[in-house]
Amino acid sequence: MTALQSLRATNFWSLRPVTRMDLAVGAFEDISSAQVPGVPESLRAALPGLYEHRCSIGERGGFLSRLRRGTYAPHIIEHVALELQTMAGHDVGYGRTRGGDVPGEYTVIVEHMHTGVGLRAAALALEIVQRAFGRTLDPVEHAVAELRALADTPDVPAVYQHVLCGITGGGPRQETRSEMVRLGLPASALIVDVAPSYVLQAGLPYSRSEIAVILDAEPADVPPRYQDPERARRLVGVLCDAVWRNGIAVIPAKEWEVQDYAREQGCRVAVFATDDDVTSRDTKVARAVALVSSGRILLEGFDATEDGGTLRADTPATAQVAAALALYSLRELRSEGAPANVSIP
């Protein structure tokens, strides 16, 4: 085990709280459960509820079938961690196992209902699978009793904080927040600049936001595999998961996959560009559009057109245009009767 942590809020892996364990598997990289006699049988005897795990096969007994045919230690640890929690009385079922940041490393994700139980179940699952492969697996009642005792202790409080706006991406996040304040939002407004690396490692630091601003899908502060376009879009899209239904996500033009994801999460989309190259696909379903023409920011939508002022040389253009569109969108939310915790200029 190289890392073990709890993600309490909306995160890259799930909308629900999860436990993340990173593993360096060493020799287990090339040893499947089918290559070590007795592994499937000992695990089923110790954890009979594994029969209910459908896994990718999609039917009861699916995971046990994978065990007999041959699957690998990280995947087995995922299922054992979930089953230990089930045996302790927690109804959990979501898990994922993915390749790590370098060859020979894996990330195991398991849902939890109690932070302490999730963390301990993951660690116990690692030990149980190691013993199964070593042909020394004993009954697991002591582990389940420990988890039940942990379940009776106070849990870490859930994340309930509501904020006005979350900002992410590899672009000028701080400058965008500063620009929103310059345009009239009070400096005390909860505008959260959240780095993609933080989202990846800890999930969002808040529960809900009125709007989200995604400056780009090019996170530079995460391991290379999360810079892959598909994963990068999913990572920055986590902010959309926390936007109030019918809230607004401010997203760059031509980031169509991110726009589609935002709409799937119930967000309305506002699209911005730092030039006048906004395509018909962008504008077709966008609630509002911001672009730059002849050196000026133009805001269109909500049945009105507004001049956002001259583009300045002292601040990145992305920050200026995204901030102007964010305030334009917030005014629309206020006009619809959204809670007025912060006055919008």
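The following paragraphs examine the structure supplied in this document.

Calculation notes
- Residues numbered from 1 in each chain as written.
- Predicted model: local features only at pLDDT ≥ 70, side-chain atom pairs only at ≥ 80, totals over all residues.
- Heavy atoms only, no water.
- Pairing = 2+ DSSP bridges.
- Helix = DSSP H or I, 4+ residues; strand = E, 2+ residues; numbered from the N terminus.
- Axes fitted to C-alpha atoms, helices over the stretch in contact; angles between N-to-C directions.
- Contact = heavy atoms within 4.5 Å.
- Phe/Tyr/Trp six-rings, centres within 6.5 Å; stacked < 30°, edge-to-face > 60°.
- Buried < 20%, exposed > 50% of the residue type's maximum accessible area, 1.4 Å probe, protein only.
- Lys NZ or Arg CZ within 6 Å of the ring centre and 35° of its normal.
- Salt bridge = Lys/Arg side-chain N within 4 Å of Asp/Glu carboxyl O.
- Parallel < 35°, antiparallel > 145°, perpendicular 65-115°, else oblique.
- Left-handed = near helix turned anticlockwise from the far one by under 90°.
- Nonpolar A, V, L, I, M, F, W, Y, C, P; charged D, E, K, R; others polar.
- Disulfide = S-S within 2.5 Å.

## Concerning the sheet that holds strand β4 (residues 105-111)
As a general point, the strands of a sheet are linked pairwise by backbone hydrogen bonds and lie either parallel or antiparallel.
Link 1 in the chain: Across the sheet, 4 strands lie side by side as β1-β2-β4-β3; this open sheet has antiparallel pairing. Every interior strand has two partners, whereas the edge strands, β1 (3-7) and β3 (95-99), have only one. When the angles between neighbouring strand axes are averaged without regard to direction, this sheet yields 15 degrees.
Link 2 in the chain: Pairing analysis gives 7 bridges linking strand β2 (residues 18-24) to β4, with the strands arranged antiparallel. In the sheet register, Leu23 faces β4, and the bridge partner there is Tyr106.
Link 3 in the chain: Those strands touched by helix α3 (residues 73-87) are β2, β3 and β4, and its axis lies near 20 degrees from that of β4.

## So, the packing of aromatic side chains
Link 1 in the chain: Tallied over the full model, the rule gives 4 aromatic pairs.
Link 2 in the chain: Taken together, a centroid distance of 4.9 Å and an interplanar angle of 90 degrees make the contact between Phe12 and Trp13 edge-to-face.
Link 3 in the chain: We classify Trp13 as buried; its relative accessible area is 11%.
Link 4 in the chain: Both rings, one in Phe12 and one in Tyr226, keep their centres 5.5 Å apart while their planes meet at 90 degrees; by these two values the pair is edge-to-face. Highlighted residues: Phe12 in the loop between β1 and β2 and Tyr226 in the loop between β7 (208-214) and α8 (229-241), separated in sequence by 214 residues. Side by side, Phe12 and Tyr226 carry an identical accessibility label, which is buried.
Link 5 in the chain: Through successive ring pairs, a cluster of aromatic residues spans Phe12, Trp13 and Tyr226.
Link 6 in the chain: The residue whose ring lies beneath Arg208 is Trp244, and the NZ or CZ to ring-centre distance is 5.6 Å.

## Topic: the environment of Gly203
Link 1 in the chain: Among the secondary structure elements, Gly203 is positioned in the loop between α7 (196-202) and β7.
Link 2 in the chain: Classification of Gly203 as buried rests on a relative accessible area of 0%.
Link 3 in the chain: On a C-alpha basis, the gap between Gly203 and Leu15 in space is 9.5 Å, while along the polypeptide they are 188 residues apart.
Link 4 in the chain: Look past the residues within four positions of Gly203 in its chain and what remains in contact with it is Leu7, Thr10, Asn11 and Tyr198.

## Some points on the pattern of salt bridges
Link 1 in the chain: Evaluated as defined, the whole model comprises 17 salt bridges.
Link 2 in the chain: Between Arg16 and Glu111 there is a salt bridge, with its nearest N and O atoms 3.7 Å apart. Of the two residues, Arg16 is situated in the loop between β1 and β2 and Glu111 in strand β4; the sequence distance between them amounts to 95 residues.
Link 3 in the chain: Accessibility expressed as a relative area gives 11% for Glu111, which makes it buried.
Link 4 in the chain: Note that Glu179 is salt-bridged to Arg182, the shortest N-O span being 2.9 Å. Residue Glu179 and its partner Arg182 are located together in helix α6 (residues 173-182), separated by 3 residues, close to a single helical turn.
Link 5 in the chain: On the basis of relative accessible area, Arg182 is assigned to the partly exposed category, the value being 49%.
Link 6 in the chain: A cluster of three or more residues bridged by salt bridges with shared partners is formed by Glu179, Arg182, Arg312 and Asp314.

## A look at the packing of α3 against helix α5 (residues 141-151)
Link 1 in the chain: Taken N-terminus to C-terminus, the directions of α3 and α5 make an angle of 65 degrees; their axes are 9 Å apart at the nearest point. The angle between α3 and α5 places the two elements in the roughly perpendicular class. Remark: the crossing between α3 and α5 carries right-handed chirality. Residues Leu84, Gln85 and Met87 of α3 lie in contact with α5, whose contacting residues are Val144, Leu147 and Arg148.
Link 2 in the chain: The residue makeup of the contact of α3 with α5, split by class, is 4 nonpolar, 1 polar and 1 charged.

## What to know about the packing of helix α4 (residues 115-133) against α5
Each packed pair of helices is defined by two parameters, the angle between the axes and the distance between the axes.
Link 1 in the chain: Viewed as axis vectors pointing N to C, α4 and α5 meet at an angle of 170 degrees, and their least axial separation amounts to 9 Å. By the criterion of interaxial angle, the relationship of α4 to α5 is roughly antiparallel. In contact with Gly116, Val117, Arg120, Ala121, Leu124 and Arg131 of α4, α5 contributes His142, Ala143, Glu146, Leu147, Leu150 and Ala151.

## Quick word on the sheet that holds strand β12 (residues 304-310)
Link 1 in the chain: If you walk across this open sheet you meet the 8 strands as β6-β5-β7-β8-β9-β10-β11-β12, and the pairing is mixed. Each edge of the open sheet carries a strand with a single partner, namely β6 (191-193) and β12. Recorded for the sheet is a direction-independent mean angle of 15 degrees between the axes of neighbouring strands.
Link 2 in the chain: One ladder, built from 6 bridges, connects strand β11 (residues 296-301) with β12; its direction is antiparallel. Across the sheet, residue Gly301 finds its bridge partner in β12, namely Ala304.
Link 3 in the chain: Here α6 sits on the sheet in contact with β5 (162-168), β6 and β7, set at roughly 135 degrees to β5.

## Comments concerning the state of the cysteines
Link 1 in the chain: Following the criterion strictly, the structure yields 0 disulfides and no others.
Link 2 in the chain: We note that Cys165 lacks a disulfide partner, and the nearest cysteine sulfur, in Cys240, lies 11 Å from it.
Link 3 in the chain: As a non-bridged cysteine, Cys240 has Cys267 as the owner of its nearest cysteine sulfur, 4.8 Å distant.
Link 4 in the chain: Exposure remark for Cys240: the relative accessible area of 1% places this residue in the buried category.

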